[in-house]
Amino acid sequence: MNKNTGQSGVFSLFKGVPLSRILIALFLLQILLAVGLTAYLSIGNGQKAVNEVASELRHEVANRVEQNLQTYLSTPRQVLRSNQNIIDMGLLKIENLATWESYLIEQLKLFPDALGLTASNEQQEHLTVEKLNDRQFLLRKADKSTGYDLYTYRIDSQGQRTQLPEVIKNYDPRSRPDYQTAVNAKKFSFSQIFTPLTEPTLFISASLPIYNSQGQLLGVNSTLTHLSEIGDLLQNIKVGKFGQIFIIERSGLLIASSTTEEPFRLQNGKPIRLAASQSGNSFTQATAKYLATKFSNFDQIQSLQQLDFSFNGKRQFLEVRPLQGEPNVNWLIVVAVPEADFMGQIDRNTQTIIFLCLGALGLATLLGIITARWITQPILYFSTATKDLVDFTNSEDSVMKVQGIKELEILGGSFNEMMQELRKTFTAQITKNEELELQVKQQTQELQQEIQERINSERKLSQHSQVLLELTNHKAISEGNLETAFKVITEKAANALEIERVSVWLFNSDRTKLQCISLYERSDQRHSAGLERNLADYPIYFRALASACTITITDTHTDPRVQELWDELLEPNNILSLINTSIWVGGEVVGTVLYEQVSIPRIWELSEQNFISSITQFVALTLEVCDRKRAESALREAKEAAEIANRAKSTFLGNISYELRTPLNSILGITEALQYEVYGPVSEEQRQSLNILESSGKNLLELINQILDLTDTESSKIELQLVATSIQELCDSSLSFVKHLAFQKNIRLRVQVPEELEPIQVDERRIRQVFINLLTNAIKFTKEGGEVWIEVQPNSTNEYIFFSVVDTGIGMLSDDLFKLFQPFVQVENASIHRSPGTGLGLVMVQRIVELHGGTVHAESQLGKGSRFTVKLPWKKAG
């Protein structure tokens with residue numbers, strides 16, 4: 001009997017290990033977990049407290065620094081705002097700086113943080129007062145009295161001036177950066193931090209533009225301030241024992257620090273700004289380098305950031321925040337505090353906890369050993385008593401007896417009862433296994449049969465797919481060769497389905513007869529055709545074909561749809577099952593494909609029905625291809641006939657036009673000679689008749705010339721002479737040809753052409769003819785006092801350009817627009833009678849534009865005028 005207790009997983013690790021050792025190990029594990037968790041929570045809580053205290057400390061320090069900076073930077077704003085108020089009250093005028101000298105000196109005495117005050121105006125006057133010490137000041141002045149040169153004076157405690165040799169010629173304060181900054185900002189603003197050449201320190205200036213009530217700029221008032229006092233402010237703020245504060249710009253340059261380090265260094269006697277990452281203080285340098293690594297660009301710091309990093313193997317707390325309150329002062333406040341400032345007492349408490357935990361662990365180990373020995377003694381006896389029970393089938397009456405601990409005695413009794421139940425269960429399981437093996441054998445046989453059927457089905461599908469693929473690539477089907485294609489289709493379908501007969505039947509023209517186009521008999525491998533079935537003989541069968549796309553019959557003995565065929569066709573050929581599928585071409589049924597099974601009935605599977613449907617579609621496709629081939633052949637013959645007729649027409653028109661033009665020119669010549677009285681005087685009535693004769697002859701000659709031009713364009717005799725042509729000159733020259741017509745009717749002509757258009761590649765003479773024809777028509781149909789003009793506009797990509805001829809004439813109905821470009825057709829309306837002309841002008845316009853690869857479009861509104869637009873490719877001159 002198998003006595004495995006069912007333990008697995010982690011308990012398998014203790015296999016073969018004595019129980020006493022397991023108990024000791026478990027006791028020790030519990031103590032280690034309890035002691036370790038206690039130590040972890042204690043140290044973790046201490047660390048959390050340190051983090052919270054450090055966070056509060058650096059946050060509070062940063063707040064104090066920010067408040068001091070805002071107070072420090074508010075002084076220039078107060079000074080300049082007070083000056084603004086005095087100016088607004090009229091006590092001072094920025095246009096007159098003569099009264100400002102004593103006022104600025106008094107202001108420097110009131111605001112000790114300010115180093116200098118400046119006033120400049122739009123009249124090129126400038127005044128600066130700088131504080132040298134508590135009693136001496138430096139005055140810089142430029143105005144009309146100095147010839148607008150900048151003079152420098154020293155003012156002592158008695159107010160006496162001493163001129164210094166420093167003079168700057170033609171000084172214009174309006175070009176100074178602080179003046180330009182205030183003018184561009186149009187409000188109070190601070191300048192960038194800069195280092196003067198005269199002394200090693202950092203300066204920042206603030207400026208305020210002064211405007212009058214009409215918003216006109218009068219001048220600029222500025223202050224100059226030392227930044228060294230910011231470092232003094234930072235040094236007075238305590239940050240732990242070793243913490244530091246420093247302020248940097250977004251560029252990383254140092255502004256001030258809580259250490260004694262200056263934010264610049266001297267190079268050749270000149271102060272050079274110092275980057276925080278190059279600081280001589282190692283803690284400041286490490287903090288700046290960490291920030292540069294954390295933020296690739298300091299512009300990313302837009303809000304308060306609390307961070308920590310390692311320096312010399314020790315953790316450092318860090319807070320960075322942007323200075324708020326001054327939008328154009330883009331500074332960062334950095335507060336760094338070492339963790340060691342808070343961890344001294346916590347480290348000592350941690351050592352005490354570790355010693356106490358080690359003591360508790362040793363005591364727990366001793367108690368575990370004693371307890372394990374006390375528990376394992378009776379269990380050893382139970383282990384010995386059950387050692388021989390390897391297989392409960394060897395002894396049906398084997399009983400386990402255990403004495404000693406009460407719990408183990410109860411366990412022994414339960415074990416014996418379990419053995420009896422296991423014997424019964426084992427016997428029943430053997431019987432059930434035998435029955436299960438029999439069921440598995442039967443199901444295996446059924447599964448093998450199902451697998452074989454599925455294999456046969458997949459084989460058929462593969463065969464069907466192969467047949468359809470061959471038919472798809474067959475040349476006879478793609479060429480519409482009905483006889484060859486139907487033979488191939490019926491033969492391959494019969495072999496793939498393993499049926500005796502497959503045939504294709506088509507209706508006659510009145511749908512009263514079905515004719516067999518192709519029949520394949522598989523047993524004889526024979527193709528035939530010519531069988532017929534009449535509607536009068538089989539009306540029920542014909543109605544069934546008309547009402548259903550597919551007729552599927554498993555047993556022809558009983559199906560009423562084919563009973564008419566039984567005696568004459570089905571029974572003699574022993575046809576027991578069949579399928580009829582309709583052939584659809586052009587939205588109607590043109591015939592059917594018949595599949596016939598002989599000798600034994602057949603149940604048509606779904607895959608076979610799908611294959612049969614695909615075969616029928618190939619039959620329909622062949623018929624469609626054949627019809628399309630016939631239609632293409634007829635269309636090709638019609639096209640050739642039309643081309644022959646068109647060439648004959650062109651030849652006839654050309655010949656007749658040449659034949660007519662020669663005698664017509666003679667008639668016009670004789671008429672002109674008679675008008676000039678070459679053959680003697682003529683009467684007034686004769687002169688009128690000659691004028692009519694001349695006008696009619698010229699109109700007829702114009703008609704003949706246009707017919708010749710039209711014939712040339714239709715026969716492609718015109719060869720375009722493309723040259724680069726100026727668009728402006730093309731439009732102007734076209735208008736010049738019709739000026740006399742417009743003058744006769746008092747019609748105004750104009751042209752709208754954008755400037756600097758590049759030339760266009762066209763046949764200039766032909767395109768000018770187009771514009772002249774359009775302009776002539778526009779003048780002809782425009783009443784006296786009207787207007788005709790040309791508009792030119794390229795499209796957005798300069799690929800095409802549009803020429804529009806617009807008039808304010810009589811217009812026409814939209815229904816008549818399609819007649820405009822038909823030869824020998826003129827549009828008439830109620831307002832005018834038929835105008836003189838041949839009706840070929842617009843036809844020539846269209847032909848010439850199309851030869852250039854363009855189009856002509858007409859728009860018109862009755863009574864309001866017309867617009868003819870010519871679209872031409874804009875081929876820029878190379």
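Residues numbered from 1 in each chain as written. Predicted model: local features only at pLDDT ≥ 70, side-chain atom pairs only at ≥ 80, totals over all residues. Heavy atoms only, no water.

S.K.: Honestly, the overall build of the protein in this entry has me stumped. Any pointers?
M.R.: When helices and strands are tallied, the protein shows 17 helices and 29 strands. Counting all 878 residues of the protein, 40% fall into the buried class. Counting every atom, the protein has about 50500 Å² of accessible surface; 53% of that belongs to carbon and sulfur. (Helix = DSSP H or I, 4+ residues; strand = E, 2+ residues; numbered from the N terminus. Buried < 20%, exposed > 50% of the residue type's maximum accessible area, 1.4 Å probe, protein only. Areas by Shrake-Rupley, 256 points an atom, 1.4 Å probe, with all protein chains shown as cover.)

S.K.: Sorry if this is basic, but what is going on with the sheet that holds strand S6 (residues 189–190) here?
M.R.: Hydrogen bonds between backbone groups are what pair the strands of a sheet, and the pairing can be parallel or antiparallel. With respect to topology, eight strands assemble into an open sheet ordered S5-S4-S3-S2-S1-S8-S7-S6, the strand pairing being antiparallel. Where the open sheet ends on each side, the last strands, each with one partner, are strand S5 (161–168) and S6. Bridge count for strand S3 (residues 137–142) against strand S4 (residues 150–155) is five bridges, and the pairing is antiparallel. Looking across to S4, one finds that Leu139 is bridged to Tyr153. Running over the sheet, helix H3 (residues 177–185) touches strand S1 (114–121), S6, strand S7 (203–211) and strand S8 (217–226) and is turned about 120 degrees from S8. (Pairing = 2+ DSSP bridges. Contact = heavy atoms within 4.5 Å. Axes fitted to C-alpha atoms, helices over the stretch in contact; angles between N-to-C directions.)

S.K.: Hey, could you run me through unusual backbone geometry in this one?
M.R.: Leaving glycine aside, a negative phi is the common case for residues, and trans is the common case for peptide bonds. Phi angles above zero are rare outside glycine, and Lys186 is one such case at about 65 degrees. Mapped onto the elements of the fold, Lys186 is located in the loop between H3 and S6. Under the relative-accessibility criterion, Lys186 is labelled exposed at 62%. Here Asn746, not a glycine, exhibits a phi torsion of approximately 55 degrees, which is positive. Within the secondary structure, Asn746 is located in the loop between helix H15 (739–744) and strand S24 (748–752).

S.K.: Before we go on, may I ask you to explain the pattern of salt bridges in this structure?
M.R.: Side chains bearing opposite charge may pair, as long as their charged atoms lie close to each other. Within this structure, the stated rule accounts for 29 salt bridges. For Asp149, the salt bridge identified is with Lys169, shortest N-O distance 3.5 Å. One end of the pair, Asp149, is in the loop between S3 and S4; the other, Lys169, is in the loop between S5 and H3, with 20 residues separating them in the sequence. The exposure class of Asp149 is buried, given its relative accessible area of 9%. (Salt bridge = Lys/Arg side-chain N within 4 Å of Asp/Glu carboxyl O.)

S.K.: Honestly, empty space enclosed by the protein in this entry has me stumped. Any pointers?
M.R.: Any empty space left between the atoms is revealed when a probe the size of a water molecule rolls over them. Here the structure, examined in full by the defined rule, presents two cavities of 30 Å³ or more. Listing elements by their share of the lining of the largest cavity, those giving two or more residues are helix H11 (563–570), strand S21 (575–585) and strand S22 (588–598). Among the elements that line the lining of the largest cavity, the one with the most residues is H11, at three residues. Residues belonging to the lining of the largest cavity are distributed by class as follows: seven nonpolar, one polar and two charged. (1 Å grid on protein atoms, 1.4 Å probe; cavity = no way out; pocket = protein on both sides within 12 Å on 5 of 7 lines; lining within 4 Å. Points joined across faces, edges and corners; volume = space filled by probe spheres on them. Nonpolar A, V, L, I, M, F, W, Y, C, P; charged D, E, K, R; others polar.)

S.K.: Explanation requested: the nonpolar core in the structure shown.
M.R.: Side chains of nonpolar character tend, in soluble globular proteins, to be buried together. Judged by nonpolar contacts, the single largest core of 52 residues is most densely connected at Val65, Trp100, Leu227, Ile230 and Trp331. Looking at this core, the element that brings in the most residues is helix H1 (residues 19–89), giving ten residues. Not counting residues within four places of it along the chain, the set of residues in contact with Leu227 comprises Tyr72, Ile193, Leu202, Phe203, Ile204, Ile255 and Trp331. Counting residues in hydrophobic clusters, the runner-up holds 37 residues, among them Val762, Ile772, Val845 and Val856. (Core = buried A, V, L, I, M, F, W, Y, C linked by side-chain atoms within 4.5 Å.)

S.K.: Help me understand a negative patch on the surface in this model?
M.R.: There is a patch of like negative charges on the surface, built from Asp537, Asp567, Glu568 and Glu571. Structurally, Glu571 can be placed in the loop between H11 and S21. (Patch = residues over 30% accessible without salt bridge, like charges linked within 9 Å, V, L, I, M, F, W, Y side chains within 5 Å. Lys, Arg positive; Asp, Glu negative; His and termini not counted. Charge placed at Lys NZ, Arg CZ, Asp CG, Glu CD.)

S.K.: So what exactly am I meant to see when it comes to the pairing of strand S26 (residues 787–794) here?
M.R.: Each regular strand carries side chains that alternate between the two faces of the sheet. The buried fraction of S26 is high, at six of eight residues. When S24 meets S26, the two strands line up parallel, connected through five bridges. Counted as the bridge partner of Val751 is Ile790 from S26. Of the strand pairs in this sheet, S26 and strand S27 (residues 800–807) are connected by seven bridges, and their pairing is antiparallel. Counted as the bridge partner of Ile790 is Val805 from S27.

S.K.: I would appreciate a short explanation of the packing of aromatic side chains in the present structure.
M.R.: Centre distance and the angle of the planes are the two values used to describe a pair of aromatic rings. Applying the stated criterion across every chain, the model contains seven aromatic pairs. Ring geometry for Phe188 against Phe190: centres 5.2 Å apart, planes inclined by 85 degrees, an arrangement best described as edge-to-face. Residue classification places Phe188 among the buried positions, given a relative accessible area of 7%. In this structure Phe190 comes out as buried when scored by relative accessible area, which is 6%. Taking 6.3 Å as the distance between ring centres and 85 degrees as the angle between the ring planes, the aromatic pair formed by Tyr541 and Phe542 counts as edge-to-face. Comparing Tyr541 with Phe542, the two get one shared label, buried. An aromatic cluster is built from Phe507, Tyr541 and Phe542, whose rings are joined through pairwise contacts. Note that Arg511 overlies the ring of Phe507, its terminal NZ or CZ placed 4.4 Å from the centroid. The lysine or arginine in question, Arg750, covers the ring of Trp789, its NZ or CZ lying 4.4 Å from the ring centre. (Phe/Tyr/Trp six-rings, centres within 6.5 Å; stacked < 30°, edge-to-face > 60°. Lys NZ or Arg CZ within 6 Å of the ring centre and 35° of its normal.)

S.K.: In this structure, what is going on with helix H5 (residues 282–294)? I would like to understand it.
M.R.: Each α-helix turn comprises 3.6 residues. Residues three or four places apart therefore point the same way. Between its terminal C-alpha atoms H5 stretches 18 Å, which fits the 18 Å expected from 13 residues at 1.5 Å a residue. Among the residues of H5, those classed as buried are Phe283, Thr284, Thr287, Ala288 and Leu291. Buried residues of H5, seen end-on, are gathered within an arc of 130 degrees and therefore sit on one face of the element. Where H5 is buried, its residues contact strand S9 (244–249), strand S13 (305–311), strand S14 (314–322) and strand S15 (331–338). For H5, the N-terminal capping position is held by Asn281, with its side-chain oxygen 3.0 Å away from the main-chain nitrogen of Phe283. (Expected span 1.5 Å × (residues − 1). Arc of directions from axis to C-beta. Polar contact = N/O pair within 3.5 Å; in protein donor to acceptor, adjacent residues only side chain to side chain.)

S.K.: Whenever I open this one, a nonpolar patch on the surface confuses me. Can you help?
M.R.: Taken together, the side chains of Ile670, Tyr676, Val678 and Tyr679 present a nonpolar region at the surface, about 510 Å² in accessible area. Relative to the helices and strands, Tyr679 is located in the loop between helix H12 (606–675) and helix H13 (684–714). Overall, Tyr679 belongs to the exposed group, its relative accessible area being 61%.

S.K.: How should the sheet that holds S27 be read in this particular structure?
M.R.: Spatially, five strands are ordered S24-S26-S27-S29-S28 in an open sheet, and the strand pairing comes out mixed. Among the strands making up the open sheet, the edge pair consists of S24 and strand S28 (855–861). On average, each strand axis in the sheet is tilted by 15 degrees relative to the strand beside it, whichever way the strands run. Bridge analysis of S27 against strand S29 (residues 865–873) gives seven bridges, and the strand direction is antiparallel. Paired with Ser804 across the two strands is Thr869, which belongs to S29.

S.K.: Just to check I follow, could you spell out the confidence of the model for the protein for this structure?
M.R.: Detail in the predicted coordinates should be disregarded across regions flagged by low pLDDT. With 82% of its residues at a pLDDT of 70 or more, the protein shows a mean pLDDT of 81. Residue range residues 830–835 is modelled with pLDDT below 50. Its contacts to residues more than four positions away, or to other chains, number eight contacts. (pLDDT = per-residue confidence, 0-100.)

S.K.: Help me understand the environment of Gly243 in this model?
M.R.: Within the secondary structure, Gly243 is located in the loop between helix H4 (228–235) and S9. The exposure class of Gly243 is buried, given its relative accessible area of 19%. Separated by 185 residues in the primary sequence, Gly243 and Arg58 have C-alpha atoms spaced 9.2 Å apart. Setting aside residues no more than four positions away along its own chain, Gly243 makes contact with Ala336, Val337, Pro338 and Asp341.

S.K.: Would you mind going over the side chain of Thr118 with me for this structure?
M.R.: Along the chain, the position of Thr118 falls in strand S1. Apart from residues lying up to four places away in sequence, Thr118 is in contact with His126, Leu127, Thr128, Val220, Asn221 and Ser222.

S.K.: Teacher, can you tell me more about the pairing of strand S2 (residues 126–131) here?
M.R.: Burial analysis of S2 places five of its six residues in the buried class, which makes it a mostly covered element. Alignment of S1 against S2, held across five bridges, turns out to be antiparallel. Note that in S2 the partner of Ser120 across the bridge is His126. Hairpin remark: S2 followed by S3, antiparallel, with five residues in the connecting loop.

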